[in-house]
Amino acid sequence: MNEELTVLVADDEPELLQAVCQLIDWQALGFRLVGRASNGLDALQMVEALQPDFLLTDIRMPFISGTALVRQAKAVQPLLQVAFLSGYDEFEYAKSGIEDGIVAYLLKPISMAELTEELRKIHERIVCRLTSLTSHRSSGELQLMTALLLLDPFCRRDEIVARLAQSGMAISAGSTVLAGVVQAHGVRAADVLAAAERVLARVCGCCGFCADERAALLLASEDGFGGLYGALDELRQAIRRTCDAELQIGLSKEYGSAADAHTAYLEAMQTLQAAHGDPAQTVGGWDDMAVFCARTMKIIDKEYMDEALTLQSVSERLHVSPNYLGANLKKHAGDTFMNLLIRKRMDVARNLLRSGSNRIAEVARRCGYSDQSYFGYCFKKYYGISPVRMRQTAETGEATP
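The following refers to the structure shown. Bear in mind that the values here come from a model prediction, so they are computed numbers and not experimental data.

**With respect to the side chain of Ser-252**
Mapping Ser-252 onto the fold places it in the loop between β9 (248-251) and α10 (261-274). Among the residues examined, Ser-252 registers a relative accessible area of 2% and is labelled buried. Within the structure, the side chain of Ser-252 is placed 2.9 Å from the backbone nitrogen of Ala-179, a separation counted as a polar contact.

**What to know about helix α2 (residues 40-50)**
Among the 11 residues that make up α2, eight are buried, leaving the element largely enclosed by the rest of the structure. The complete set of buried residues in α2 reads Gly-40, Leu-41, Asp-42, Ala-43, Leu-44, Gln-45, Val-47 and Glu-48. Immediately downstream of α2, the backbone of Gln-51 shows phi near 50 degrees, a positive value.

**Thoughts on the sheet that holds strand β7 (residues 205-211)**
Taking strand neighbours across the sheet as the criterion, the four strands line up as β7-β8-β6-β9 in an open arrangement whose pairing is antiparallel. The sheet is open, and its two borders are formed by β7 and β9, each paired with just one other strand. Across the sheet, the axes of successive neighbouring strands diverge by a mean angle of 20 degrees, strand direction being ignored. Examined bridge by bridge, strand β6 (residues 176-183) and β9 share four bridges and lie antiparallel to one another. Across the sheet, the residue bridging to Val-181 is Gly-250, located in β9. Each of β6, β8 (214-221) and β9 is contacted by helix α9 (residues 228-243), which is oriented at about 155 degrees to β9, the strand it contacts most.

**Examining unusual backbone geometry**
In this structure, the amide linkage connecting Lys-108 to the following residue, Pro-109, adopts the cis form with an omega of -10 degrees. Structurally, the position occupied by Pro-109 is in the loop between β5 (102-107) and α5 (112-132). The backbone of Gln-51 sits at a positive phi, close to 50 degrees, despite the residue not being glycine. Note that Gln-51 resides in the loop between α2 and β3 (54-57). Accessibility expressed as a relative area gives 28% for Gln-51, which makes it partly exposed. Residue Asp-244 is not a glycine yet carries a positive backbone phi of 55 degrees. Tracing the chain through its elements places Asp-244 in the loop between α9 and β9.

**Digging into the pairing of strand β1 (residues 5-10)**
Where a strand is regular, its side chains alternate between the two sheet faces. By the criterion of burial, β1 is predominantly enclosed, with six of the six residues buried. Along β1, one buried face is formed by Leu-5, Val-7 and Val-9 and the opposite face, lined by Thr-6, Leu-8 and Ala-10, is buried too. In this sheet, strand β2 (residues 31-37) lies alongside β1 in parallel orientation, the contact comprising six bridges. Pairing of Leu-5 across the sheet is with Phe-31, part of β2.

**Observations regarding the packing of helix α6 (residues 140-151) against helix α7 (residues 157-166)**
Closest axis-to-axis distance for the α6/α7 pair is 9 Å, and the angle between their directions is 150 degrees. By the angle between their directions, the pair α6 and α7 is classed as roughly antiparallel. α6 and α7 meet at a crossing whose hand is left-handed. Here Glu-141, Leu-142, Met-145, Thr-146, Leu-148 and Leu-149 of α6 lie close against α7, whose contacting residues are Arg-157, Ile-160, Arg-163 and Leu-164.

**Description of the packing of helix α11 (residues 289-303) against helix α13 (residues 322-333)**
Here α11 crosses α13 at 85 degrees, and the two axes come no closer than 9 Å. Classified by the angle their axes make, α11 and α13 are roughly perpendicular. Of α13, the residues touching α11 (which contributes Met-289, Ala-290, Phe-292, Cys-293, Thr-296 and Met-297) are Tyr-324, Leu-325, Asn-328, Leu-329, His-332 and Ala-333. Here the residues of the contact of α11 with α13 are counted per class, giving nine nonpolar, three polar and no charged.

Basis of the calculations
Residues numbered from 1 in each chain as written. Predicted model: local features only at pLDDT ≥ 70, side-chain atom pairs only at ≥ 80, totals over all residues. Heavy atoms only, no water. Helix = DSSP H or I, 4+ residues; strand = E, 2+ residues; numbered from the N terminus. Buried < 20%, exposed > 50% of the residue type's maximum accessible area, 1.4 Å probe, protein only. Polar contact = N/O pair within 3.5 Å; in protein donor to acceptor, adjacent residues only side chain to side chain. Pairing = 2+ DSSP bridges. Axes fitted to C-alpha atoms, helices over the stretch in contact; angles between N-to-C directions. Contact = heavy atoms within 4.5 Å. Parallel < 35°, antiparallel > 145°, perpendicular 65-115°, else oblique. Left-handed = near helix turned anticlockwise from the far one by under 90°. Nonpolar A, V, L, I, M, F, W, Y, C, P; charged D, E, K, R; others polar.

Everything listed here is a matter of coordinates, which is why it stays silent on function.
Right, here's the structure in full:
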């Protein structure tokens, strides 16, 4: 695994932000600094665009708080690791809402020497977490029983299901099942299987076995597979980050019982073979992502005024993962969700400012911004002039952006 980690730093104190970015020898610590942000909005846009491994952020941030930033950022970058840098009183607030992926809470004020030592420890923790994704190994008994259930249409299913339960993979009478086949060229099937079992087990029952260069998976759930998209995206990122390879996935549709496991396996194999090596098309049983992207654009066009509209909220409505939807939006619409939403809001804001007499605060509200200063920041960043100046140019007939 390449142990150089990309890092994004976010803090609203200009002097501290500059010092952290310029005085820390990031390369010597195993990091590569890819961006800096002075507010939560810019930081979130950078996470979407740059997909960093590590985010060092203040908790109290303009426009989007550090805690809200982390929640939204981890929706689009599931493997993102975070360290909070802030005042003591804010830590308990942060800890109460976020635990997953937090590698450190660093207390201000902090010297550059102290921060350097903390970053050295953080690098070790992150590498350890990434490495652990492929270190899990299921028992030989579990792998053998899974292989029999998926490969042998004449096996004694009840007996095998009972032995799976004894090995830690319980499939109840009310569970639905599906099969998956995953592979990454140049990566050992055992490592792919280990990562798959570790990541997917967070959302459903998961066990598998290795066959040549592929890992075959049996997935089971009593509550459906709504969280599977997100877990598959995390698995893709894990293989990409730890093994420098692209994961290919073939899935079957859902079946009503373990009796259909062999049929599901054959279907998963067909799905994988039909993908022709394109990771974006390997997931079987779900709609084309182009359809989801078109629906997302319609939601933006109709609901841009909703301040709570985020990639995460849209993906939940469409029952896909934020990361997968975001990546495909770049492919089909040419930009990130955040940038597409801001573009729509700014187009509407410009038309309102040039053609009406609404107060700036009202224009902001109608474009999804309850905070006028937040709106003003976004508008000036997008057009290069303030909303007030835009209105003045419209009234005097001057050329506008």
